[in-house]
Amino acid sequence: MRRQGLVFPLLILVAINIMNFYDRNVAGALAEPMRKEFHLSDSQIGLLGSLFIWLYAIVGVPLGKIADVWSRKKLLAYGILVWSALTAFAGFATSFNGLIVSRLGVGVGEAVAAPAATSWIGDLFAPSKRSRALAFFMLGVPVGGALSYFFSGAIAQAFGWRVAMMIAAAPAVLLIPLLMIVYEPERGAAEIHRPAPNQPKKSMWSVLRVPTLWWIIASGVFVNFNMYAIGTFLPAFLSRIHGFTLAQSGMATGVVYLIGGVAGGVFAGSWGDKIVHRRKDGRMLSAAVIIALSAPFALAGVMLPKGSTLLVIVVLTIAYGALNSYYGLVYSSIQDIVPPTQRGTTMAIYFMLMYMCGASMGPFLTGRLSDAMARRAAEASGSGMVTEAFRAIGLQQAMIVIPILSVALALVLWAGSRTIVKDVERQEQAATAAVRV
């Protein structure tokens, strides 16, 4: 392997993922000023997030297949260019339809990132070290989200939300040239049993015969429903329930993302690489326990009344950190049960199915539920108008879905821990047999 080392390529991929989630979360950070300018409902705000995910899921499968056979470096560079350009385009939108076009374009570009980058990391790091490497990569979720909320709200409050959108696109100018100098390893380079070059190609859908993958897909439905509901509505929740300004809600959400997300990701990566030496189901079982324990914190964060600001931030930080531990523990499990030549495709299939089967509904259904609860509160009080006070009640009640689905997520991960040992052993045997051939 060309000696750039492992650190530099990983750092560039992490930086790309930070930008990925900065641009992905910027619409949530700016939801309130966009809602007020275009007179949008919570359902429409949620629809922006869900439309992004639907297209992201659909185009991700062919892009994941490309990541398994073509240059991941070039594919990532094109993806960054597309999603950055379409993020900036939102700054020129004059209607809700313009915002839709922007988010759809961002979805197409960002669909490249996870399949290409996780496949790349799998070829940089040996199986025993992947949990930490993938957890480090997935710190892009909380760090990118935190930076988006930290800066976007403050920039929007000072200069307007359109300027904040265009600034979000700027880092591409630096990241694309840096990416092009990074060394890309051969597929299977880090495996203990490297696949033979003439190994027969399997169908891209053959990975669906792995039982554990179905449990992981189901877990992805629940974790991402929660993550996208939080990303879309947490700033609005803090503004409506706790009286935060746009800048304050962005800063508070950034704190939840940065402290909770980084702590959860770092712990998951370190623990995942330790526990896998003791038991092959350790990563999945650990994820189940951590997320089950976090559900009461999520419930408290949603239900605590106005005036409990500090406690709300603390318990939501714990809940978000637990959800973010999912990535380092579960994504490394995916790499353990499929061959290196199918990792990009597997991640794309995982994203498509778990998003289309439910995760994509997180923003939209939460928004619909919020609108319904707001109307119900207005009717109960005898008011013929849904005021901002009723919108606050509706959103708070809608977000109770987050702790409920956290319990469901823990149960699904536990079920996956019951099948993963056989699937890991099956993959190890297949790899050994391929080397002998």
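Refer to the structure above for everything that follows.
Cut-off values and rules
- Here the residue numbers are simple positions, counted from 1 along each chain's written sequence.
- Given that this is a predicted model, residues contribute local features only at a pLDDT of at least 70 and side-chain atom pairs are listed and counted only at 80 or more, while totals for whole chains, interfaces and linings are drawn from all residues.
- Excluded from the side-chain calculation are hydrogens and water; included are all heavy atoms of the structure.
- Here a strand is any run of E in DSSP of at least two residues, a helix any run of H or I of at least four, and the numbering for each starts at the N terminus.
- Relative accessible area decides the class of each residue, using a 1.4 Å probe on protein chains only: under 20% of the type maximum gives buried, over 50% gives exposed, and in between gives partly exposed.
- Calculation of accessible area relied on Shrake-Rupley with a 1.4 Å probe; when residues are assessed, cover is drawn exclusively from the protein chains displayed.
- We score Asp and Glu as negative and Lys and Arg as positive, and we do not count His or the chain ends.
- To locate a charge, take atom NZ for lysine, CZ for arginine, CG for aspartate or CD for glutamate.
- Polar contact is defined as a pair of N or O atoms within 3.5 Å, subject to the rule that within protein one atom must be able to donate a hydrogen and the other to accept it, and that residues adjacent in sequence are counted only when both atoms are side-chain atoms.
- Only heavy atoms enter the contact rule, under which two residues are in contact if any of them lie within 4.5 Å.
- In this analysis an axis means a line fitted to C-alpha atoms, helices contributing only their contacting stretch, and an angle means the value between N-to-C directions, from 0 to 180 degrees.
- To sort the angles, those under 35 degrees are grouped as roughly parallel, those over 145 as roughly antiparallel, those from 65 to 115 as roughly perpendicular, and the leftovers as oblique.
- Crossings are assigned a handedness: left-handed for a near helix turned anticlockwise from the far helix by less than a right angle, right-handed for a clockwise turn.
- Three classes are used, and their members are as follows: Ala, Val, Leu, Ile, Met, Phe, Trp, Tyr, Cys and Pro are nonpolar, Asp, Glu, Lys and Arg are charged, and the others, Gly among them, are polar.
- We call Phe, Tyr and Trp rings a pair once their centres come within 6.5 Å, taking the six-membered ring for Trp, and we label the pair stacked below 30 degrees between planes, edge-to-face above 60, and tilted otherwise.

Trainee: How would you summarise the overall build of the protein if you had to cite specific residues and measurements?
Mentor: From N to C terminus, the protein includes 19 helices and zero strands. Dimensions along the principal axes, computed over C-alpha positions, put the protein at roughly 75 × 45 × 35 Å. By the burial criterion, 62% of the 437 residues in the protein qualify as buried. In the structure as shown, the protein presents an accessible area of about 16800 Å², 69% of it carried by carbon and sulfur atoms. Once the 35 positive and 19 negative side-chain charges of the protein are each reduced to a mean point, those two points are 4 Å apart.

Trainee: A description of the side chain of Thr87 should follow, citing residues and the corresponding values.
Mentor: Summarising the element assignment, Thr87 is placed in helix H4 (residues 72–89). On the basis of relative accessible area, Thr87 is assigned to the buried category, the value being 0%. At 2.8 Å, the side chain of Thr87 forms a polar contact with the backbone oxygen of Trp83. Setting aside anything within four residues of it in sequence, one finds Thr87 in contact with Asp23, Val26, Ser102, Val106, Met165, Ala168 and Ala169.

Trainee: Describe helix H8 (residues 140–159), naming the residues involved and giving the relevant values.
Mentor: Burial within H8 is extensive, with 14 of its 20 residues counted as buried. Looking one or two places after H8, you find Gly160, whose phi comes out positive at around 105°.

Trainee: Explain the environment of Ile420 residue by residue, including any values.
Mentor: Within the element layout of this structure, Ile420 appears in helix H19 (residues 420–436). Note on Ile420: relative accessible area 1%, which makes it buried. For the pair Ile420 and Ile53, spaced 367 residues apart in the sequence, the C-alpha separation amounts to 28 Å.

Trainee: Quick rundown of the packing of helix H7 (residues 130–137) against helix H14 (residues 309–337)? Include the residues and the values.
Mentor: Put simply, H7 and H14 touch, their axes get as near as 8 Å, and they point 125° apart. Considered as vectors, H7 and H14 are oriented oblique to each other. Relative to H14, H7 is oriented so that their crossing is right-handed. Contact residues: H7 offers Arg130, Ser131, Leu134 and Ala135, while H14 offers Gly328, Tyr331, Ser332 and Gln335. Of the residues belonging to the contact of H7 with H14, the class tally is three nonpolar, four polar and one charged.

Trainee: Outline the side chain of Ser406, supporting the account with residue identities and numerical values.
Mentor: In this structure, Ser406 sits in helix H18 (residues 401–417). At 3.2 Å, the side chain of Ser406 and the side chain of Asn226 are in polar contact. Those residues in contact with Ser406, other than ones at most four positions away along the chain, are Asn226, Ile291, Ala295 and Leu323.

Trainee: Please give an account of unusual backbone geometry that cites residues and values.
Mentor: Positive phi outside glycine occurs at His39, with the angle close to 55°. A relative accessible area of 70% means that His39 is categorised as exposed.

Trainee: I'd love a proper account of the environment of Thr366, names of residues and values included.
Mentor: Tracing the sequence through the fold places Thr366 in helix H16 (residues 361–380). Overall, the relative accessible area of 1% leaves Thr366 in the buried class. Considered as a pair, Thr366 and Phe225 are 141 residues apart in the sequence and their alpha carbons are 9.1 Å apart. Setting aside anything within four residues of it in sequence, one finds Thr366 in contact with Phe225, Ala229, Phe233, Met361, Ala398, Met399 and Val401.

Trainee: Requested: an account of the packing of aromatic side chains, with residues and values cited.
Mentor: Using the criterion set out here, one finds twelve aromatic pairs in the structure. Between Tyr331 and Tyr350, the ring centres sit 5.8 Å apart and the planes meet at 85°, which makes this aromatic pair edge-to-face. Separated by 19 residues along the polypeptide, Tyr331 in helix H14 and Tyr350 in helix H15 (residues 343–359) bring together distant segments of the chain. Each member of the pair, Tyr331 as well as Tyr350, is classed as buried.

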